[in-house]
Structures are given as C-alpha cells and as structure tokens.
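Working through the structure, step by step
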Amino acid sequence: MEVIVKESYAEVSQAAADEVARVIAEKPSAVLGLATGSTPLGLYAELIRRYEQKELDFSSVTTFNLDEYVGLPAAHPQSYHFFMRQNLFDHINVAPENIHLPAGIPNDCRAFCREYEQKIAASGGIDLQILGIGSDGHIAFNEPGSSLASRTRVKTLARSTIEDNSRFFDRPEQVPEFAITMGVGTILEARKVILLATGEQKAGPIAQAIEGPITSMCSASALQMHEHVLMIVDRAAASQLEQVAYYEWVQQKRSHAPSTA
Ligand code: PGA
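For the rest of this paragraph, the subject is the pairing of strand 9 (residues 192-197). The buried fraction of strand 9 is high, at five of six residues. Relative to strand 9, strand 6 (residues 128-131) is paired through four bridges, and the arrangement is parallel. Directly across from Leu128, in strand 9, lies its bridge partner Lys192. Sheet analysis places strand 9 next to strand 10 (residues 229-234), joined by five bridges and oriented parallel. Looking at strand 10, one finds that Leu196 is bridged to Ile232. With helix 7 (residues 203-211) bridging strand 9 and its parallel neighbour strand 10, the resulting β-α-β unit is right-handed.

Put into structure tokens, the structure is as follows:
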C-alpha cells in the first residue's frame, strides 16, 4: 500500500487523474471502475479537462460503477446513473455501450448481480478501480460487517451512510435504504486500486483502513491485502496516521528506490 499525502483537494484530484491517464496510455481499452460521491468530482472535472485538451481519449475505455441505489430510476437526479452522466459521461467520448452501472430497478436483483460480475469478468477485469471511503470505513456500499469475500449484491445501507448522503436529498427519508454494490471481493480483484480521501471527517476511517486491523468493521481495511493500492489523501484526512512521516519519506525516496518491477 502506498500512501500519498497531498496539500489540497486539487492536488489529490490531479494525482488521481495522473493515474487514470497512465493506465489509459498503457492500455487504451482499459477497464475503469468508477465511484460516485463528492470526493471524485475534482478527478472527473480534471479528466474532462484533459479530454477537452485532447490529452485523453476514452473511445475504447470500458467503465463499471461500484454501486447504485435500489429503487431510483436512471433519470432520477439522485441516482448514480444521473450523477455519472452529469459529472463525467456526458462530457467525454466514452461509448455508451461500454458504460456499466448496477440497475436501480432490476427485474431480478440476484440475477442482475450475477450478470454484473459476469460482465466484469468478460471485459477482462477492472484495470483501475477508483474508490472513496465512507465515514464508517466503507468502500462502495460495503457497510460494516460486509464479508471481505463479498461479491456484487444488495446491501442495506447503514444509518450513518443514510445520514451522510441525505445532504443530496430534500429529506433524509428520501434516501434509499438499499443499494446494489460490488463486493469487497469484487473490488480486490481489480489490478490496481486508488482510494481518495480529503477532509478531517475522513481522518478516522483513513487511519483505520491503513493502520488498523483488517476487519469487516472497516471494509476499506481489506485493501491492505491488495498488492497495488494507492491511498491518495490530503493532510486533513492523513491527520490521524501514526506513520505519516514514514509515508512521506517513502515518497521522497521513490525515484531512488531499486526497481522491483
Ligand atoms: P463522499 O462519499 O465522497 O461523498 O465523501 C464517499 C463514500 O461514501 O464512499
């Protein structure tokens, strides 16, 4: 796990965009795992800017989103389908047939989840998975207690997640209580993972995820078992890390370190 501490939200977003650009440069038909929430908005704005500057081409890229609320149609302004169109897909040249999100109103949830996993596998697997982290330490909607081997399925949202996400709805009772989410096991199969976190309210979950025990009580801690994870955080989100001086030392020494590739 590499921990990269940046000074600002803008720098976190730039560093994440650099990773996406690197993956697409290496493999123009890359498969990206995408996240919603406030955290990746700066990354998406930067990807759009680079596309407009002709620095990035998404024409062969495939995307899979982490999750979607159950019960919201794709046209609902709080659905993740809507969010992704508004904040990324409508502004870049990703082919509509290459975009995948869990359905908000699937006919048969169990069959849908199985097919979603099959589509990820058929695409060759996710090359780069982008993640945020919830105040309860979740990745995607893998709430505390989620099996670290879990696959795409329906999850009941934690009360804290409903409260966190109620800022996007007129009333807290409008927040859906269920979501279809990739599992922790699904996420761990991505070839590379970047988790972004900014702000003091993420300091606790970030410390647990990076320096705490691996536990389903903080599903982000499962990333400790993944070989290629970048945790890109700002100083506020890093403020409870005990080893922050070491992580920064590693980054300083990075260009001198013997290659392990
Ligand atoms: P946020 O959500 O980016 O809006 O803080 C993160 C998450 O819940 O995973």
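Moving on: the site of the ligand. The ligand sits among Gly37, Ser38, Thr39, Gly132, Ile133, Gly134, His138, Arg167 and Lys202. Protein contacts shield 82% of the accessible area of the ligand, which totals 290 Å² for the unbound molecule.

Our next topic: helix 2 (residues 41-52). Between its first and last C-alpha, helix 2 extends 17 Å over twelve residues, near the 16 Å set by a 1.5 Å rise per residue. The set of residues buried in helix 2 consists of Gly42, Leu43, Tyr44, Glu46, Leu47, Ile48 and Arg50. If you follow the buried residues of helix 2, they end up packed against helix 1 (9-26), strand 2 (31-34), helix 3 (80-87), strand 6 and strand 9. Immediately downstream of helix 2, the backbone of Lys54 shows phi near 65 degrees, a positive value.

Another aspect to go through is the packing of aromatic side chains. Within the structure shown, the criterion is met by seven aromatic pairs. Measuring from centroid to centroid gives 4.8 Å for Tyr69 and Tyr80, while their planes differ by 40 degrees, and the two rings are tilted. In this pair, Tyr69 sits in strand 4 (residues 67-69) while Tyr80 sits in helix 3, placing the two residues eleven residues apart along the sequence. Members of the aromatic cluster, joined through ring pairs, are Tyr69, Tyr80, Phe141 and Phe169.

Basis of the calculations
Within each chain, residue numbers correspond to sequence positions counted from 1 in written order. Local features in a predicted model are, by the rule used here, given only for residues with pLDDT of at least 70; side-chain atom pairs are given and counted only at 80 or more, and totals for whole chains, interfaces and linings are based on all residues. The side-chain values count all of the structure's non-hydrogen atoms but skip hydrogen atoms and water molecules. Burial status follows relative accessibility: with a 1.4 Å probe on protein chains alone, a residue under 20% of its type maximum counts as buried, one over 50% as exposed, and anything between as partly exposed. Only DSSP runs of H or I reaching four residues or more are called helices, and only runs of E reaching two or more are called strands; each is numbered from the N terminus. Here, strands pair whenever DSSP counts at least two bridges between them. Orient the strands so they point away from the viewer, and a crossover whose first-strand-to-second-strand path over the helix runs clockwise is right-handed. Only a single heavy atom is needed: when it lies within 4 Å of a molecule or strand, its residue is near that molecule or strand. Note on areas: these come from Shrake-Rupley sampling with a 1.4 Å probe, and a residue is covered only by the protein chains present in the view. Each helix should span, by expectation, one fewer than its residue count multiplied by 1.5 Å. Pairs of residues are marked as contacts when any of their non-hydrogen atoms sit within 4.5 Å. Whether two aromatic rings pair depends on their centres lying within 6.5 Å, for rings of Phe, Tyr and Trp, where Trp uses its six-membered ring; planes under 30 degrees apart make the pair stacked, over 60 edge-to-face, and the rest tilted.

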